[in-house]
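Chain by chain, the residues:
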Amino acid sequence: MQNSRSVCLFKQAQNSIPGGVNSPVRAFRSVGADPLFIKRASGSQIIDEDDNTYIDYVGSWGPMILGHCHPQVVAAVKQTMDNGCSFGAPTELEVTLAEMVIKAVPSIEMVRMVSSGTEATMSAIRLARGYTSRDKILKFSGCYHGHSDALLVKAGSGAATFGVPDSPGVPADFAKHTLTARFNDIESVRTLVAENKGQVACIIIEPIAGNMGTVPPREGFLEALRKLCTDEGIVLIFDEVMSGFRVAYGGAQQVYGVTPDMTTLGKIIGGGLPVGAFGGKKEIMSLLSPSGGVYQAGTLSGNPLAMTAGIETLKLLQRPGFYQELDDKSSYLSAGIAKAAKDAGYPIYSTRVGSMICAFFNKNEVHDWDSASTCDTAAFAKYFRLMLEEGVYLAPSQFETAFVSIAHSQDDLDRTIAAAAKSFKAL
Ligand code: HOZ
């Protein structure tokens, strides 16, 4: 494939943008390649500046569950744009999306819109601290909750990919309030909570870890966390920025039947425009300024364009059979890739929850960061490059999730499986 315009643009970008990208995960550095510059996208396909077309499983890192440029979303956003794109004042659109979120996720009684997942998790933690009058927080190694100081501790996603799970620039005095337990290991949580009795404000978790690859919770793990939080007066926060409206309309909490005190959302609820949200029990949310004293604000929070894209996306997700169809496509793809690896005699450990899928380059089970970090990342890098050559665009890291959209056709899935079969054989 010809990549000359992407190569030139990347060279140019590095003079004006650190590393040439506006978010580290976009760089292909860990897979030994240069990033593609994308010109446009439609449905399941993205097209780069050299006019190469790829089947896209990044989906803007999660939001594009409908595929790119769904005509209903595009038309509504265009219409909203005609009325003005930002007022810094309340709009009916914010009320509509808030009510849709509350209806979809029963644990959310009130919700505040922000502009990114990072803002959502950062603000949820401040609120949990304000509510409990406690300082410490507990997260899990390999989980990623955006890049605020307190959460950039043993973090997944780009932080893990680029080897900076504890970033320089985070003051030790901030990080010392963050405790880190092992995902899927309730004893590691109990021990930390006991050692810090009465001091832990919240436990924040991706109920389906999606930033160290895709790691589902083991049976009983989330339930045990719920019980521990209730017993100890700790606020349980589900970070559903990735899993919300992705694995089911009501998110991971609907799938597993476990109710958190607070939830953070993003990605899909913005339909591809910049959005985050955090919500939960009224008792907690009403402590937020201006109804309470915990301060949080944002010039573009609840932006009309983003609200519109979110509303239209959520409307389309309510079509009967939507999630079943998405699940069928995803299980077909995941099983097809696993079979292709097996037929090629190549060991992978395959995971999937709904349309979140991952092929770990590991012959052992992956259930936490320690096991994820033993993957053969060099082999993944080669696989990534081979797949790209075959016209399949995956996330450029072993420690990310692949997202299937409703726009992926049977032909896309079959071509992807065929590409995987060829790539595994070439490894
Ligand atoms: N959660 C996304 C990656 N796992 C965020 C995308 C980004 O960091 O740019």
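Above this note sits the structure.
Quick caveat, the model's predicted, so the values are computed rather than measured. (Residues numbered from 1 in each chain as written. Predicted model: local features only at pLDDT ≥ 70, side-chain atom pairs only at ≥ 80, totals over all residues. Heavy atoms only, no water.)

## Brief notes about the overall build of the chain
From N to C terminus, the chain includes 15 helices and 14 strands. The C-alpha radius of gyration computed for the chain amounts to 21 Å, which stays within 12% of the reference 22 Å derived for 427 residues, consistent with globular compactness. For the chain, the spread of C-alpha atoms along the principal axes amounts to about 55 × 55 × 50 Å. Taking all 427 residues of the chain together, the buried fraction comes to 56%. Residue pairs in contact within the chain that sit at least 24 positions apart in sequence constitute 72% of those at least 6 positions apart. Accessible area of the chain: about 17,600 Å², with a carbon and sulfur share of 53%. Measuring between centres, the 38 positive side-chain charges of the chain sit 2 Å from its 43 negative side-chain charges. (Helix = DSSP H or I, 4+ residues; strand = E, 2+ residues; numbered from the N terminus. Rg over C-alpha atoms; globule rule 2.2 N^0.38 Å. Buried < 20%, exposed > 50% of the residue type's maximum accessible area, 1.4 Å probe, protein only. Contact = heavy atoms within 4.5 Å. Areas by Shrake-Rupley, 256 points an atom, 1.4 Å probe, with all protein chains shown as cover. Lys, Arg positive; Asp, Glu negative; His and termini not counted. Charge placed at Lys NZ, Arg CZ, Asp CG, Glu CD.)

## Quick word on the environment of Tyr57
As for its position among the elements, Tyr57 is in the loop between strand 3 (53-56) and helix 2 (71-82). Distance from Tyr57 to Tyr349, taken between C-alpha atoms, is 18 Å for residues 292 residues apart in sequence. Tyr57 has contacts with Leu333, Val392, Tyr393, Leu394, Thr401, Ala402, Phe403, His408, Asp412, Leu413 and Thr416, leaving out every residue within four places of it along the chain. At 2.7 Å, the side chain of Tyr57 forms a polar contact with the side chain of Thr416. (Polar contact = N/O pair within 3.5 Å; in protein donor to acceptor, adjacent residues only side chain to side chain.)

## Some remarks on the site of the ligand
Lining the immediate surroundings of the ligand are Ser23, Val25, Trp61, Ser157, Asn211, Lys267 and Glu400. One nitrogen or oxygen atom from the side chain of Asn211 is found 2.5 Å from a nitrogen atom belonging to the ligand. Out of a free accessible area of 280 Å², the ligand has 84% covered by protein chains. Taken together, the residues that form the shell around the ligand break down as two nonpolar, three polar and two charged. (Near = heavy atom within 4 Å. Nonpolar A, V, L, I, M, F, W, Y, C, P; charged D, E, K, R; others polar.)

## Regarding the pattern of salt bridges
Here the structure, examined in full by the defined rule, presents 17 salt bridges. The salt bridge involving Arg415 is made with Asp411; its shortest N-O contact spans 3.5 Å. Of this pair, Arg415 and Asp411 both sit in helix 15 (residues 410-426), four residues apart, roughly one helical turn. For Asp411, a relative accessible area of 45% puts it in the partly exposed group. Several salt bridges converge on common partners, so that one network encompasses Arg226, Asp261 and Lys281. (Salt bridge = Lys/Arg side-chain N within 4 Å of Asp/Glu carboxyl O.)

## As for the nonpolar core
Membership of the largest hydrophobic core comes to 70 residues, with the highest contact counts inside it found for Val101, Phe245, Ile269, Leu314, Leu317, Tyr383 and Phe424. In terms of residue count, helix 11 (residues 304-317) provides more of this core than any other element does, eight residues in total. Not counting residues up to four positions away in its chain, the partners in contact with Leu317 are Ile65, Leu66, Phe245, Tyr249, Ile268, Phe322 and Tyr323. Of all hydrophobic cores here, the second largest spans 32 residues; its members include Leu138, Phe183, Phe221 and Ala372. (Core = buried A, V, L, I, M, F, W, Y, C linked by side-chain atoms within 4.5 Å.)

## Overview of the sheet that holds strand 14 (residues 402-403)
As summarised here, the arrangement of the three strands in space is 11-12-14, forming an open sheet in which the pairing is antiparallel. Strands with a single pairing partner mark the edges of an open sheet, and in this sheet they are strand 11 (349-353) and strand 14. Bridge count for strand 12 (residues 356-360) against strand 14 is two bridges, and the pairing is antiparallel. The partner of Ile357 across the bridge, within strand 14, is Ala402. (Pairing = 2+ DSSP bridges.)

## What about the environment of Ser115?
Along the chain, Ser115 falls in the loop between strand 4 (110-114) and helix 4 (117-132). In sequence terms Ser115 and Arg415 are 300 residues apart; their C-alpha atoms lie 36 Å from each other. When neighbours within four sequence positions are excluded, Ser115 is seen to be in contact with Pro274, Val275, Gly276, Leu300 and Ser301.

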